[in-house]
Structures are given as C-alpha cells and as structure tokens.
Amino acid sequence: MPQASSMDARPDTGQPAPVRHTLGFGVPATSDPHHFRVIIPRGSTGKVSIHEHLGLQAALGASAVIDRVILDRSRWTAIRAEVQRAFNARLVAHGLRPSAWKVGENPVDRLLGKELCVLAWAVERMNPDRIPVAVRNWVALRPEERWWLFGMTAMGTGGVLDAGRGWRAALEHALGDVVQSEMLEIRAHRSQRLHEDSQPRLNLFGDDPL
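Keep in mind that what you see is a predicted model, and the values were worked out from it rather than measured. (Residues numbered from 1 in each chain as written. Predicted model: local features only at pLDDT ≥ 70, side-chain atom pairs only at ≥ 80, totals over all residues. Heavy atoms only, no water.)

**Some points on the overall build of the chain**
Phase 1 of the analysis: A tally of helices and strands in the chain yields six helices and six strands.
Phase 2 of the analysis: From first element to last, N terminus to C terminus, the chain shows the α and β order β-β-β-β-β-α-β-α-α-α-α-α.
Phase 3 of the analysis: The buried share among the 210 residues of the chain stands at 46%.
Phase 4 of the analysis: For the chain, contacts bridging at least 24 residues in sequence account for 68% of all contacts bridging at least 6.
Phase 5 of the analysis: Summing over all exposed atoms, the chain offers an accessible surface of approximately 10800 Å²; the carbon and sulfur share of this is 57%. (Helix = DSSP H or I, 4+ residues; strand = E, 2+ residues; numbered from the N terminus. Buried < 20%, exposed > 50% of the residue type's maximum accessible area, 1.4 Å probe, protein only. Contact = heavy atoms within 4.5 Å. Areas by Shrake-Rupley, 256 points an atom, 1.4 Å probe, with all protein chains shown as cover.)

Put into structure tokens, the structure is as follows:
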C-alpha cells in the first residue's frame, strides 16, 4: 500500500482547516516519509536534479533513492514559477503551508513530486519556445492524469539516463503540442463539470493507484 501523504485530505466542511506541520511542499514531518527532493545548486547555471526518496517504502536491499531527472537551469527557470503557484494553491486548499523554491534541497510531497516529474520529463529536451505550451498543458491535466502518466513513464524510462526514450519522448510531444494544449483545456473543463455533477468532492490527495 502507498505510504500516506501529508496531503491526504478530508472532504471540505466549509471551515478553515488547521495548518499541519510539513516540510517543503507538503512533506509529512514524520520519520523517513516517501517523498521527492528537488536539488537547486547555488549560482545561475548549475543544473537542477529531482530525486525520489522511497523512505520506509523501499524494499529490502533495494535503493532507497531513485534519480529521476536533471534539468538545465534555463528549463527549470521556465517551469518553476507556475509549478510553485499550482502546488501552493493545492497545499493551501488542503490546510497545508505553502512553500517556495530555494537553493539547496527542496522536499516535495510524493504525489506532487510525481506530477513535477511528468513536466520535467516533458521539457528536458524540448525546444525552449515550446516550454510555455507544455506548462499550460500540464496545468490543464487533473492530478490523477499526471499520476497515471508518471506511473506509465516510470515503469520503463523513469531514470535519470532515460531522456528521449519511450514514454519520455511521448511526453515531450504530447505536452509540447499546441493543438494538444487546446484539446486538454476543453477536456479538463468538461471533465470538471461532469465530476462536479456526479460527486460532491474528489480527494485529490488520496492514495494514487500506481
């Protein structure tokens, strides 16, 4: 079973939720939680790396850390503000403290980390002119869709040396395509309306199926 996320939320009661103690972007302040870390070096040119720390979820004898992706600083700069805004909106909505990217290690909740990897994998080799389109596409996706994309990509091409292969290449084309951007926005609005009609509240931060 997946380890609980600090962002596992209860249905909205209409009352402000108490702010729970977390580290970075929603990481539970507990012993060795499953989470991601974004390493931002000092200076303006060092590459940014994203690592998955399995914590207590690590199988006996297996590596507890998976190096997921390394981004050129310019590509990280192109996505960081929108990612921070999107993550903080989700954190605040679920009674958790917002955060900000800083030099050094940035802890990221295990579910948000998966979502970040999807975008980072998409832009790691993308033409810089297309990155804003990829960001808009990523924003248009529901969290569950990002989790699914992470799971499919991580199974075969989720390592730091897998750039440009398999699902990694597919993400670049899917998120960087302008037409896809327009289709995703339409689908996202339609899906949200259907969902709101059929369910009172979706637990965006519950255990993901992958």
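Here the narrative resumes.
**Points about the sheet that holds strand β4 (residues 48–53)**
Phase 1 of the analysis: Read across the sheet, four strands follow the order β5-β4-β3-β6 without closing on themselves; strand pairing throughout is antiparallel. For this open sheet the edge positions go to β5 (65–71) and β6 (104–109), each flanked by a neighbour on one side alone. The average angle at which neighbouring strand axes cross in this sheet is 25 degrees, direction not considered.
Phase 2 of the analysis: Relative to β5, β4 runs antiparallel, the two being bridged by six bridges. Within the sheet, the bridge partner assigned to Ser49 lies in β5 and is Ile70. (Pairing = 2+ DSSP bridges. Axes fitted to C-alpha atoms, helices over the stretch in contact; angles between N-to-C directions.)

**Points about the environment of Phe36**
Phase 1 of the analysis: Positionally, Phe36 belongs in strand β3 (residues 35–40).
Phase 2 of the analysis: Taking the relative accessible area as the measure of exposure, Phe36 reaches 0% and is therefore buried.
Phase 3 of the analysis: Separated by 29 residues in sequence, Phe36 and Val65 have C-alpha atoms that sit 9.1 Å apart.

**Focus: the environment of Pro107**
Phase 1 of the analysis: Within the secondary structure layout, Pro107 lies in strand β6.
Phase 2 of the analysis: Sequence separation between Pro107 and Ile39 is 68 residues, and the spatial gap between their C-alpha atoms is 8.9 Å.
Phase 3 of the analysis: For Pro107, the contacting residues outside a window of four places in its chain are Leu23, Gly24, Phe25, Val27, His35, Phe36 and Lys102.

**Considering the pairing of β4**
Phase 1 of the analysis: Taken across its six residues, β4 has six buried, putting it largely inside the fold.
Phase 2 of the analysis: A two-sided burial pattern is seen for β4, the buried positions comprising Val48, Ile50 and Glu52 on one face and Ser49, His51 and His53 on the other.

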